[in-house]
Amino acid sequence: MDATEQSLRQSLSEKSSSVESQGNAVRALKASRAAKPEIDAAIDLLNKLKLEKSTVEKQLQSIITSSGNGSLNREAFRQAVVNTLERRLFYIPAFKIYRGVAGLFDYGPPGCAVKSNVLSFWRQHFILEENMLEVDCPCVTPEVVLKASGHVDKFTDLMVKDEKTGTCYRADHLLKDYCTDKVEKDLTISAEKAAEFKDVLAVMEDYSPEELGAKLKEYGITAPDTKNPLSDPYPFNLMFQTSIGPSGLIPGYMRPETAQGIFVNFKDLYYYNGRKLPFAAAQIGQAFRNEISPRQGLLRVREFTLAEIEHFVDPENKSHPKFPDVSKLEFLMFPREEQMSGQSAKKLCIGEAVAKGTVNNETLGYFIGRVYLFLTRLGIDKERLRFRQHLANEMAHYAADCWDAEIESSYGWIECVGIADRSAYDLRAHSEKSGVALVAEEKYAEPKEVEKLVINPVKKELGLAFKGNQKNVVESLEAMNEKEAMEMKASLESKGEVEFYVCTLEKNVIIKKNMVSISKEKKKEHQRVFTPSVIEPSFGIGRIIYCLYEHCFSTRPSKAGDEQLNVFRFPPLVAPIKCTVFPLVQNQQFEEATKVISKELTSVGISHKIDITGTSIGKRYARTDELGVPFAITVDSDTSVTIRERDSKDQVRVSLEEAASVVSSVAEGKMTWQDVWARFPHHSSATADE
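Each chain has its residues counted from 1, following the order in which its sequence is written. Side-chain atom pairs in this predicted model are given and counted only at pLDDT of 80 or more, local residue features only at pLDDT of at least 70, and totals for whole chains, interfaces and linings cover all residues. Heavy atoms throughout the structure, all of them, feed into the side-chain values; hydrogens and water do not.

## Things to note about the packing of helix α7 (residues 171-185) against helix α9 (residues 209-218)
Moving on, step 1. To obtain each axis, a line is fitted to C-alpha atoms, and for helices this fit is confined to the stretch in contact; angles are then taken between N-to-C directions over 0 to 180 degrees. Secondary structure follows DSSP: runs of H or I at least 4 residues long count as helices, runs of E at least 2 residues long count as strands, and numbering of each begins at the N terminus. Interhelical geometry of α7 versus α9 gives an angle of 40° and a closest axis separation of 10 Å. When the axes of α7 and α9 are compared, the pair comes out oblique. Helix-helix and strand crossings are classified by hand; for α7 and α9 the assignment is left-handed. Of the residues in α9, those touching α7 at Ala171, Asp172, Leu174 and Leu175 are Leu212, Lys215 and Leu216.
Moving on, step 2. Each residue gets one of three labels, nonpolar for Ala, Val, Leu, Ile, Met, Phe, Trp, Tyr, Cys and Pro, charged for Asp, Glu, Lys and Arg, and polar for the others, Gly among them. Looking at the contact of α7 with α9 residue by residue, the classes come out as five nonpolar, no polar and two charged. Any angle from 65 to 115 degrees is called roughly perpendicular, while one under 35 is roughly parallel, one over 145 is roughly antiparallel, and all others are oblique. Here a crossing is called left-handed whenever its near helix is offset anticlockwise from the far helix by less than a right angle, and right-handed whenever the offset is clockwise. Between two residues, a contact is recorded if the distance between any of their heavy atoms is within 4.5 Å.

Have a look at this one:
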């Protein structure tokens, strides 16, 4: 805990005790009918102590708010953003006329345009620039695929139920809300108790169901709506289950991620790529998660868009030829050592982070750099973007290294992109379950003599011992890596038998010495066969877009100064509409010129909107600012027009013929507004709201 906050909490505790003690003294004096001057003096002291307590409370509240823990200012800002987004139809709750369903949203016209622009830039920035192979796989996935990936057994959150109404809640959310409210809003708790709540918030993701249940009971947490007691926490699988075909005999799920479609197609993609590594496959598509208690708008929903990349690489060579292109980038990084020691994120050079081993390898570092460039080009504030390394207890046992791109919003730091080195886990899991070798080859210029692991299951003995399960045991034995096999060999030689886990049977079996032979033999090989590792950047598009909305939102006073006007300062790259066209007044001459400009804007692919309403030009500017439109063309002549830039509110005058090409050049990044400002005559108009 911050030393100042700790000191203030201690002081507040002392002041509260003094107020209570003095209050008791005043009551005692009154009860004993003490002299009036004595009572008045005691009351004066009580009022003085109350004032001192109030001062400390204000200081503590200020510290909590300024340190980013306070919620009042953030909630007001968030409400202003969300109200504007819903009123202008960026997004709205789905099935609204039927009172909606939590966690499902519809994107309106401007929201669809922003999303389309974000995805278009994602394709350009990653798929085109990196020569990735794009695929599009079904949303409905057979159970066997997700069984192999581990989702059927492990894709769960801990849930509790209201014991009387049956309403379900996500257990960790209840604990998080309770601890957060105590830290942020209860100024009476001691410094020690505040530190305890902060510790719980830091480690609660590691709690077992029993530990989480114990904390809920310790703090007396009940159902938020009814205050009824809660059940013990238990795992709930987040996938939407379905059946494939009319018989209902083929179980399936709506995919919780798009990655599995790429993994199961690895063999065909590898051949399509000329049997060469490294290569990357990418997919944009819908994913589905049956969230227990969806909240936080677009940040936690039940259907959402993912954009995922699977970059397949030789596990013995994770260098990247284009790493020098990003190696000098500096941005906020939060390595696990800094997290464990209570420090904050700090700016690091990605090249140095890779060189020092903070980031595991060049390919992972390259994608971290590329993700940073992608997000900042969209309009994410680089000072509110950090890359946080997973703690050891957050990472899967097979992962080499994982980083999350986290964006700060009114909800706190939000994970929007995960960038993970998943080793060879996924391809191995699908190889073992499907029986199809998902491997790559490296041909040697000259044959190499290598020591080769040879595993020979004795099928007769295994058949006698395991009967119908013989095939499962044989496949698992043959799939062992060298470390596992040599450990088994040593145990068999010393003990005569060993316990062995067969994943397809989901249980341990006893392997005896006569059931398998394990040895190493020297052989000449012309090629090396291996399972590739995968580096996976996974983008939550809805989360990125919501954070972009917050980062681009601001208000500014109207010309009269009597109201605050909303503005979305979207970069032209993602703005839902690039330009609006206004005839200054309604007459045929100006409207014809407007049609000419509209036709030219359409021909160069610039999205635009014509506004011929009779309202003042200032109100029309305000309307388009609230939609985030970066440029406005005002037709006030049949030979020339003005172009207004949203953020500066500056205007230039250009000829009618040049208007579309100027807007197109700036919108596509071929020119900057500064270039336009330097090239064309400036214009100031008394008709504008500014």
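## Observations concerning the state of the cysteines
Moving on, step 1. A pair of sulfur atoms, both from cysteines and within 2.5 Å, is called a disulfide here. Tallied over the entire structure, the rule returns zero disulfides.
Moving on, step 2. Unpaired in this structure, Cys552 has its nearest cysteine sulfur neighbour in Cys547, at a distance of 11 Å.

## Topic: the layout of surface pockets
Moving on, step 1. Taken as a whole, the second largest pocket encloses approximately 410 Å³ of empty space.
Moving on, step 2. What lines the second largest pocket is a set of 19 residues, among which Pro571, Pro572, Leu573, Val666 and Gly669 lie closest to the centre.
Moving on, step 3. Those elements that place two or more of their residues in the lining of the second largest pocket are α14 (362-378), α22 (659-667) and α23 (673-679).
Moving on, step 4. When its residues are assigned to classes, the lining of the second largest pocket shows nine nonpolar, five polar and five charged.
Moving on, step 5. Split by domain, the lining of the second largest pocket shows at least three residues from each of two domains, domain 2 (72-137 + 255-439 + 531-560) and domain 5 (577-679). A 1.4 Å probe that fits into a set of points on a 1 Å grid over the protein atoms alone but cannot get out defines a cavity; an open set with protein on both sides within 12 Å along at least five of seven lines defines a pocket, and lining residues are those with an atom within 4 Å of a point. Grid points are joined across faces, edges and corners, and a volume is the space filled by probe spheres set on the points. Where each domain begins and ends follows an automated or database-derived domain assignment.

## Looking at the side chain of Gln260
Moving on, step 1. You can see Gln260 is positioned in helix α10 (residues 259-264).
Moving on, step 2. Per-residue accessibility, obtained with a 1.4 Å probe over protein chains only, is compared with the maximum for each type, and a residue is labelled buried under 20%, exposed over 50%, and partly exposed between these values. By relative accessible area, Gln260 is classed as buried at 4%.
Moving on, step 3. Between N or O atoms, a polar contact is any pair within 3.5 Å; within protein, one atom must be a potential hydrogen donor and the other a potential acceptor, and residues adjacent in sequence are included only when both atoms are from side chains. Looking at Gln260, its side chain comes within polar contact range of the side chain of Glu257, at 2.6 Å.
Moving on, step 4. A polar contact is formed between the side chain of Gln260 and the side chain of His430, at a distance of 2.7 Å.

## A few points about the sheet that holds strand β27 (residues 640-645)
Moving on, step 1. By the convention used here, strands pair only if DSSP detects at least 2 bridges between them. One open sheet holds the six strands; their spatial order is β25-β24-β26-β27-β28-β29, and the pairing between them is mixed. In the strand order of this sheet, the two ends are held by β25 (608-610) and β29 (682-683), each with one partner.
Moving on, step 2. Of the pairings in the sheet, the one linking β27 to strand β28 (residues 651-655) comprises five bridges and is antiparallel in character. Residue Ile643 lies in a different strand from β28, and its bridge partner there is Val652.
Moving on, step 3. Across the sheet, helix α20 (residues 588-603) is in contact with β24 (579-583), β25, β26 (631-635) and β27; its angle to β24 comes to roughly 165°.
Moving on, step 4. Taken strand by strand, helix α21 (residues 617-627) contacts β24, β26, β27 and β28, and its axis lies near 165° from that of β24.

## Brief notes about the domain arrangement of the chain
Moving on, step 1. Taken domain by domain, the chain comprises domain 1 (1-67), domain 2 (72-137 + 255-439 + 531-560), domain 3 (156-237), domain 4 (449-530) and domain 5 (577-679).
Moving on, step 2. Computed over C-alpha atoms only, the centres of domain 3 and domain 4 are separated by 46 Å.

## Some details on the nonpolar core
Moving on, step 1. Membership of the largest hydrophobic core comes to 67 residues, with the highest contact counts inside it found for Trp122, Phe374, Leu375, Phe387, Phe539 and Tyr549.
Moving on, step 2. Of the residues forming this core, the biggest block, nine residues, is contributed by α14.
Moving on, step 3. Shared between two domains, this core takes at least three residues from each, and those domains are domain 2 (72-137 + 255-439 + 531-560) and domain 5 (577-679).
Moving on, step 4. With residues near it in sequence (within four places) discarded, Phe539 still touches Trp122, Phe126, Thr305, Leu306, Ala307, Ile309, Val371, Phe374, Cys416, Val417 and Ile544.
Moving on, step 5. Of all hydrophobic cores here, the second largest spans 25 residues; its members include Leu601, Ile633, Val635 and Ala660. To define a nonpolar core, start from buried Ala, Val, Leu, Ile, Met, Phe, Trp, Tyr and Cys residues and group those joined through side-chain atoms within 4.5 Å.

## Here we look at the sheet that holds strand β9 (residues 250-254)
The strands that make up a sheet pair up through hydrogen bonds in the backbone, lying either parallel or antiparallel.
Moving on, step 1. Within the open sheet, the three strands sit side by side as β4-β9-β8. Their pairing is antiparallel. Each of the sheet's edge strands pairs with one partner strand only, and the pair in question is β4 (140-142) and β8 (241-244). Across the sheet, the axes of successive neighbouring strands diverge by a mean angle of 45°, strand direction being ignored.
Moving on, step 2. As judged from the three bridges shared by β4 and β9, these two strands associate in the antiparallel manner. When the bridges of β9 are listed, Pro142 appears paired with Gly252.

## Describing a nonpolar patch on the surface
Moving on, step 1. Taken together, the side chains of Phe95, Ile97, Tyr98 and Val101 define a hydrophobic patch exposed on the protein surface, amounting to about 520 Å² of accessible area.
Moving on, step 2. According to the relative accessible area criterion, Ile97 is exposed, its value standing at 77%. What goes into a patch is any residue over 30% in relative accessible area without a salt bridge, connected to like charges within 9 Å or, for nonpolar side chains (Val, Leu, Ile, Met, Phe, Trp, Tyr), within 5 Å. Here, Shrake-Rupley sampling with a 1.4 Å probe gives the accessible areas, and only protein chains in the shown set may cover a residue. Just to be clear on terms, a salt bridge is a Lys or Arg side-chain nitrogen sitting within 4 Å of an Asp or Glu carboxyl oxygen.

## Points about the UniProt feature "domain: Aminoacyl-transfer RNA synthetases class-II family profile" (unreviewed entry) in the chain
Moving on, step 1. UniProt positions are given in the numbering used here, feature names are shortened, and annotations may be inferred rather than shown by experiment. UniProt annotation of "domain: Aminoacyl-transfer RNA synthetases class-II family profile" (unreviewed entry) refers to residues 216-557 when read in the numbering used here.
Moving on, step 2. Structurally, residues 216-557 is divided into 28% helix and 37% strand, and its ends, taken at the C-alpha atoms, are 47 Å apart.

## Quick notes on the packing of aromatic side chains
Moving on, step 1. We call Phe, Tyr and Trp rings a pair once their centres come within 6.5 Å, taking the six-membered ring for Trp, and we label the pair stacked below 30 degrees between planes, edge-to-face above 60, and tilted otherwise. By the definition in use, this model includes 30 aromatic pairs.
Moving on, step 2. On the basis of an interplanar angle of 55° and a centroid distance of 5.4 Å, the ring pair of Phe90 and Phe568 is categorised as tilted. Placement of Phe90 in the loop between α3 (72-87) and β1 (91-93) and of Phe568 in strand β23 (residues 564-568) is noted, with a sequence separation of 478 residues between them.
Moving on, step 3. Of the residues examined, Phe568 reaches a relative accessible area of 0% and is grouped as buried.
Moving on, step 4. Measuring from ring centre to ring centre gives 6.2 Å for Phe90 and Phe570, while their planes differ by 50°; the resulting arrangement is tilted. Of this pair, Phe90 sits in the loop between α3 and β1 while Phe570 sits in the loop between β23 and β24, and the two are 480 residues apart along the sequence. Comparing Phe90 with Phe570, the two get one shared label, buried.
Moving on, step 5. Chaining the aromatic ring pairs together yields one cluster made of Phe77, Phe90, Tyr549, Phe553, Phe568 and Phe570.

## Quick word on a negative patch on the surface
Moving on, step 1. Side chains of Glu205, Asp206, Glu210 and Glu211 sit close together on the surface and give a patch of like negative charge.
Moving on, step 2. Turning to its location among the elements, Glu205 is positioned in the loop between α8 (191-203) and α9.
Moving on, step 3. Owing to a relative accessible area of 67%, Glu205 belongs among the exposed residues under this scheme. Under the convention used here, Asp and Glu are negative, Lys and Arg are positive, and both His and the chain ends fall outside the count. For the purpose of locating charges, the reference atoms are NZ of Lys, CZ of Arg, CG of Asp and CD of Glu.

## Section: the environment of Glu257
Moving on, step 1. With respect to the helices and strands, Glu257 occurs in the loop between β9 and α10.
Moving on, step 2. Residue classification places Glu257 among the buried positions, given a relative accessible area of 15%.
Moving on, step 3. Considering only alpha carbons, one finds Glu257 and Ala307, 50 residues apart in sequence, at a separation of 9.3 Å.

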